[in-house]
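Descriptive structure summary
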Amino acid sequence: MDRVTLIVPVYNVEKYLKRCIDSILNQSYKNIEIICVNDCSPDNSQEILNDYEKKQQIRVIINEQNMGLGKSRERALKESTGKYIMFIDSDDYIDTYYVEKYMAVMQSEDYDMVIGGYTRDVDGNKKEHFVKYSDWSVLSYTIACAKMYKKSFLIDNNIGFIDIRCGEDIFFSMELFMYHPKYYVMEDYAGYFYYFNRKSITGSMNADKKLESFIAEIFNRFIEKYPLEKMEKDVYWKICYNYITNMVNALIVHGHGCGIKSMREKYRYFMDDLNKKFVDYKKNPYLHFGKMKKQSLKIKISVSILMFLNKIGVDKLAYYLLALI
């Protein structure tokens, strides 16, 4: 029975930490290693970790300085002993058969990664989100959790996270995509429970925090490592599409209601950066609704409509309207 390492970064989650760790200890699959990384948490999380560590139920790593979610995961990855890796955020929790389900698939054909859906928990109201079988589940389903990875695949290809404190999973997902992993998608399983913590970075993100600037910097770092001119054309178009989807999300999800003045600045920033990075973006075949098979319907509709309006020069009005809602 191969070992699975579950990595849990910990920061300011004393209210949810026991639920997270207990859900891992309750797994039907028993050969697991639990590594919790205390990223200089200012609350009582360390006391909670100490209790579990005394019982030899978990390993605890303490960062000397705050490293952020991604770099904390990387540190634990390097110290892990499992053949397979899973990431769990410390305010989330998992189904009892979670690891067993992933392992059954992972070992059936020796995959590099297995992908599942998740259940969104908003104040106790739960809704399942499933993933369709396609390359988009690797590239644009940008959460590092709800997936299992072969450790050697991550290590051998130097796949990791960047030190930007928002959107680390976007970079990580693109790196995975660039190395063409052999993957499987469990289209009907959502055993990862994503708790919407309003105090987390994602939960507290709003228009004032300028998510679009984070997205731009993430892609700057990615392009430095993977120059666009060296990519195969289809890979280039998919990376371009992924950039656009994340920027559109930044403007319409996190920017709606921000007011026309603020949206004008966001839109100008987006367009300037888009033309700087992907000057030929209007030729991208994936911007057409019919081409985007097995992509999230919400993404397909929003991106195809807004980029069609961009093509005819009236998309700015749509963003301004969203700024007022």
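Right above here is the structure, for reference.
First things first, this report covers the structure right here in the doc. These numbers come from a predicted model, not from an experiment.

The next point concerns the overall build of the protein. Looking only at helices and strands, the protein features twelve helices and eleven strands. For 325 residues, the compact-globule estimate of 2.2 N^0.38 gives 20 Å, and the protein sits close to it at 20 Å. By its C-alpha atoms, the protein is 65 × 40 × 35 Å across when sized along the principal axes. Each of the 325 residues in the protein was classed as buried or not, and the buried ones make up 55%. Excluding contacts between residues fewer than 6 apart, the proportion of contacts in the protein whose partners are at least 24 apart in sequence is 79%.

A word on a nonpolar patch on the surface. On the surface, F289, L297, I301 and I305 cluster together into a nonpolar patch covering about 370 Å² of accessible area. With respect to the helices, strands and loops of the structure, I305 is situated in helix α11 (residues 297-311). With a relative accessible area of 46%, I305 lands in the partly exposed category.

A few words on the pairing of strand β8 (residues 125-129). Taken across its five residues, β8 has zero buried, putting it largely on the surface. Of the strand pairs in this sheet, strand β7 (residues 118-122) and β8 are connected by five bridges, and their pairing is antiparallel. From the neighbouring strand, D121 faces β8, where its bridge partner is K126. If you look at the hairpin formed by β7 and β8, you'll find two residues sitting between the two strands, and D123 has a positive phi there, around 55°.

Turning our eyes to something else, we now look at unusual backbone geometry. Of note in this structure, Q56 is not a glycine but carries a positive phi near 55°. Looking at where Q56 falls in the secondary structure, it is placed in the loop between α2 (45-54) and β3 (59-62). Q56 sits in the exposed class, given a relative accessible area of 74%. The phi dihedral of A146 is positive, around 60°, even though this residue is not glycine. Structurally, A146 can be placed in the loop between α5 (136-139) and β9 (147-150). Residue classification places A146 among the buried residues on the basis of a relative accessible area of 0%.

Here the focus is the environment of D112. By the element assignment, D112 lies in the loop between α4 (98-109) and β6 (113-115). Here D112 falls in the buried class, since its relative accessible area comes to 14%. Sequence separation between D112 and Y183 is 71 residues; the distance between their C-alpha atoms is 5.8 Å. Not counting residues up to four positions away in its chain, the partners in contact with D112 are M106, M148, Y149, K150, F153, P181 and K182.

Moving on, we come to the packing of helix α8 (residues 211-225) against helix α10 (residues 260-277). It is at 10 Å that the axes of α8 and α10 come closest, and there the two elements cross at 10°. One finds that α8 runs roughly parallel with respect to α10. Contact with α8, carried on its side by E212, S213, A216, F219, N220 and I223, involves K266, Y269, D273 and K277 of α10 and no other residues of that element.

The rules behind each value
Residues numbered from 1 in each chain as written. Predicted model: local features only at pLDDT ≥ 70, side-chain atom pairs only at ≥ 80, totals over all residues. Heavy atoms only, no water. Helix = DSSP H or I, 4+ residues; strand = E, 2+ residues; numbered from the N terminus. Rg over C-alpha atoms; globule rule 2.2 N^0.38 Å. Buried < 20%, exposed > 50% of the residue type's maximum accessible area, 1.4 Å probe, protein only. Contact = heavy atoms within 4.5 Å. Patch = residues over 30% accessible without salt bridge, like charges linked within 9 Å, V, L, I, M, F, W, Y side chains within 5 Å. Areas by Shrake-Rupley, 256 points an atom, 1.4 Å probe, with all protein chains shown as cover. Salt bridge = Lys/Arg side-chain N within 4 Å of Asp/Glu carboxyl O. Pairing = 2+ DSSP bridges. Axes fitted to C-alpha atoms, helices over the stretch in contact; angles between N-to-C directions. Parallel < 35°, antiparallel > 145°, perpendicular 65-115°, else oblique.

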